[in-house]
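Each chain is listed here by its residues.
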Amino acid sequence: PQMKVSALTNNPVCPETEDGTAMLTILGGAAPYHIDWFDKTESGIPIASGAAIENLGSGPIYAIVTDSIGCQVLQEVNLIAVNDFCLDIPSVFTPNADGKNDTWNILTGKSDHLQNLSVIYPEAVVEVFNRWGLVVFKSEKGYPNEWNGKYMNTGKELPADSYYYVITINNIDKPVAGVISILR
């Protein structure tokens, strides 16, 4: 009988995380089966073997299933991140030189493995505006220097207030926007 292969997947939580899984179910053919996984269809070296594979990011992965009489099936499995992005954006910070929350530390990734914004999104730009729409901070690409609550990070201290932010991330169509408050 002809081999039929289907895949059960758990998609990664974030586009930048590798926490997805895939497991194949095989019907027909002649057992036992051998399964090799590849990250590209033209790749000659398998990245894993067996019915299940873990630690997958977004995108396609390919399995070649071979039964005991040599029949083969190529199965493409496409994983799509559950979220468009995963940012941990504090809503408040306290730039008072006490060593705690003195800068606006934006992180990315899953809560159990957070990284600096620049690691995952090196092209990201962070802009902060006051209530009148004037730019009070604009980062370099990747947000290498966290906002310290001063005008353009070098001028005078900005007052305790709420500010509007826009984070432009390279591979996301719509910028991330919200409110950040300075407490002094």
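Above this text you will find the structure in question.
Predicted, not measured: the structure shown is a model, and the values here were computed from it.

1. Concerning the overall build of the chain
- When you go through the chain residue by residue, the secondary structure sums to one helix and 15 strands.
- The dimensions of the chain, computed from C-alpha atoms along their principal axes, are 75 × 30 × 25 Å.
- Within the span of the chain, comprising 184 residues, buried residues form 36% of the whole.
- When contacts within the chain are restricted to residue pairs at least 6 apart in sequence, long-range pairs at least 24 apart make up 49% of them.
- Of the accessible surface of the chain, which amounts to about 10,600 Å², a share of 52% is contributed by carbon and sulfur atoms.
- Within the chain, one finds 11 positive and 21 negative side-chain charges whose respective centroids are separated by 11 Å.

2. Considering the packing of aromatic side chains
- Considering all chains together, one arrives at seven aromatic pairs under this definition.
- Ring centres of Trp-147 and Tyr-163 lie 5.7 Å apart, and the angle between their planes is 85°; on these two criteria the pair is classed as edge-to-face. Of the two residues, Trp-147 is situated in the loop between β13 (135-138) and β14 (161-168) and Tyr-163 in strand β14; the sequence distance between them amounts to 16 residues.

3. Overview of the state of the cysteines
- All chains considered together, the criterion is met by one disulfide.
- Bridging Cys-14 to Cys-86, the disulfide has an S-S length of 1.9 Å. Between Cys-14 and Cys-86, the disulfide has an S-S torsion of -95° and is therefore left-handed. Within this pair, whereas Cys-14 is found in the loop between β1 (4-10) and β2 (20-27), its partner Cys-86 is found in the loop between β7 (72-79) and β8 (87-88), the two being separated by 72 residues in sequence.
- Judged by its relative accessible area of 0%, Cys-14 is buried.

4. Quick word on the environment of Ala-52
- Mapped onto the elements, Ala-52 comes out in strand β5 (residues 52-56).
- Ala-52 gets classed as partly exposed once you look at its relative accessible area, which sits at 42%.
- Along the sequence, Ala-52 and Met-23 sit 29 residues apart, while their C-alpha atoms lie 4.2 Å from each other.
- Ignoring sequence-local partners within four residues, the contact set of Ala-52 consists of Ala-22, Met-23 and Trp-37.

5. Digging into the sheet that holds strand β6 (residues 59-66)
- Taken in spatial order, the four strands of this open sheet run β4-β3-β6-β7, and their pairing is antiparallel. Each of the sheet's edge strands pairs with one partner strand only, and the pair in question is β4 (48-49) and β7.
- Here strand β3 (residues 34-38) runs beside β6; their pairing, made up of five bridges, is antiparallel. The residue of β6 that forms the bridge with Trp-37 is Ala-63.

What counts, and at which threshold
Residue numbers run consecutively from 1 along every chain, following the written order of its sequence. Where totals are concerned, whole chains, interfaces and linings use all residues; where local detail is concerned, this predicted model gives features only for residues with pLDDT of at least 70, and gives and counts side-chain atom pairs only at 80 or more. Hydrogen atoms and water are omitted, and side-chain values are computed over all heavy atoms in the structure. Numbered from the N terminus, helices here are DSSP runs of H or I no shorter than four residues, and strands are runs of E no shorter than two. Summary of the burial criterion: residues with accessible area below 20% of their type's maximum are buried, those above 50% are exposed, and those between are partly exposed, where the area comes from a 1.4 Å probe applied to protein chains only. In this analysis, two residues are considered to be in contact whenever any of their non-hydrogen atoms come within 4.5 Å of each other. Computed with a 1.4 Å probe, the accessible areas rest on the Shrake-Rupley method; for each residue, only the protein chains presented here act as cover. His residues and chain termini do not enter the charge count, which takes Lys and Arg as positive and Asp and Glu as negative. Note on charges: their place is set at NZ of Lys, CZ of Arg, CG of Asp or CD of Glu. Only the six-membered ring of Trp is used, alongside the rings of Phe and Tyr, when aromatic pairs are assigned; centres must lie within 6.5 Å, and planes under 30 degrees apart are stacked while those over 60 apart are edge-to-face, with the rest tilted. To count as a disulfide, a pair of cysteine sulfur atoms needs to be within 2.5 Å. When DSSP finds two or more bridges between two strands, those strands count as paired.

Any link to function would need more than the numbers given here.
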